[in-house]
Amino acid sequence: MKPLQPKSYGRVAVYIILLVATVAAMAGLRHYKIASGRNGAPGGDTLAVALQYSPVAFFMDGDTLAGLDYDLLKMLGIPFRIYPITSPAEGLQGLDEGRFDMVIADLPQSADLSDRYLFTVPAYLDRQVLVQKTDSVGAKPAVTSVLELIGDTVCTTAGSPMVGRIANISREIGGEIYVKELPVTSEKLLLTQTIGEIDHAVVNEQVARSVLADNYPEFDYSMQISFSQFQPWALRLSDTAKAAAVNSRLDSIKATEGYSRLLSRYLR
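Since this is a predicted model, take the numbers as computed values, not measurements. (Residues numbered from 1 in each chain as written. Predicted model: local features only at pLDDT ≥ 70, side-chain atom pairs only at ≥ 80, totals over all residues. Heavy atoms only, no water.)

**Description of the pattern of salt bridges**
Okay, step 1: In the structure shown here, the tally under the stated rule is 10 salt bridges.
Okay, step 2: The residue D71 makes a salt bridge to R265 at a minimum N-O spacing of 3.5 Å. Separated by 194 residues along the polypeptide, D71 in helix α2 (residues 68–76) and R265 in helix α9 (residues 257–266) bring together distant segments of the chain.
Okay, step 3: For D71, a relative accessible area of 9% puts it in the buried group.
Okay, step 4: For R265, a relative accessible area of 52% translates into the label exposed.
Okay, step 5: Across the pair R165 and E172 runs a salt bridge whose closest N-O atoms are separated by 3.9 Å.
Okay, step 6: R165 sits in the partly exposed class, given a relative accessible area of 23%. (Salt bridge = Lys/Arg side-chain N within 4 Å of Asp/Glu carboxyl O. Helix = DSSP H or I, 4+ residues; strand = E, 2+ residues; numbered from the N terminus. Buried < 20%, exposed > 50% of the residue type's maximum accessible area, 1.4 Å probe, protein only.)

**Section: the packing of aromatic side chains**
Okay, step 1: Inspection of every chain in the model, using the stated rule, returns four aromatic pairs.
Okay, step 2: Residues F58 and Y70 carry aromatic rings whose centres are separated by 5.8 Å and whose planes lie at 35° to one another, so their mutual orientation is tilted. Of this pair, F58 sits in the loop between β1 (47–52) and β2 (59–61) while Y70 sits in helix α2, and the two are 12 residues apart along the sequence. The same class applies to F58 as to Y70, namely buried.
Okay, step 3: Note on Y70 and F80: the rings are 6.5 Å apart at their centroids and 85° apart in plane angle, and the pair reads as edge-to-face. Taken together, the residues Y70 in helix α2 and F80 in strand β4 (residues 80–85) connect sequence positions 10 residues apart. (Phe/Tyr/Trp six-rings, centres within 6.5 Å; stacked < 30°, edge-to-face > 60°.)

**Observations regarding the side chain of S170**
Okay, step 1: Structurally, S170 can be placed in helix α5 (residues 162–173).
Okay, step 2: Residue contacts for S170: discarding those within four places in its chain leaves G175, E176 and I177. (Contact = heavy atoms within 4.5 Å.)

So, in structure tokens, the structure goes:
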């Protein structure tokens, strides 16, 4: 029997790290899932907020909760209960079913989504990028233009709005770019890429930077798939009063030094 090669040991180790990290994070976050009131949502003035797990927006930092969107929620001064989710689709389904009042996820505002949901003022700006490994000689990415992706496959998280963005790009350039949706968080998607399971991933730039910048310098995320996009929070179209209250608080927060410190802490 041939001994395992070093690469195999590394791959197994990464899988174990992925499993342990995911289980630990979701187990810790599960403590914050609260089911009370009609349709499992709190009543009164308390907002039921579906918050996507992300290394930027919402995560476990040791034994405490942290993240840009989570800290902004606390600064609003509006009572809320959080319901951790792993994908935008999960949050929007709960919003449609009345289980959530607001969804905070990787949901750049688009014309299609604006027809279905009410969006707040943007919490911050981000953009979608292509993540790929650089070559070992020149440390340059192989793909430098979306035209070079024609006939290739890129991976996204399942239910991501990025699927629609890539479909639009395919129409614009007159060539098919195939999309594979994986039922994982954006963080796990990138970690899966680092062990060679996928070649190309599309995620938000801030997520890519948070996961890859320090530990995986051989991965490039400089190629933009979209321009800078507003990252707002979503509510039902009928909840104009709630949206107005959140907008008023967000606008006030964004004018403070505290908001600038949050951006400096979580965004690079």
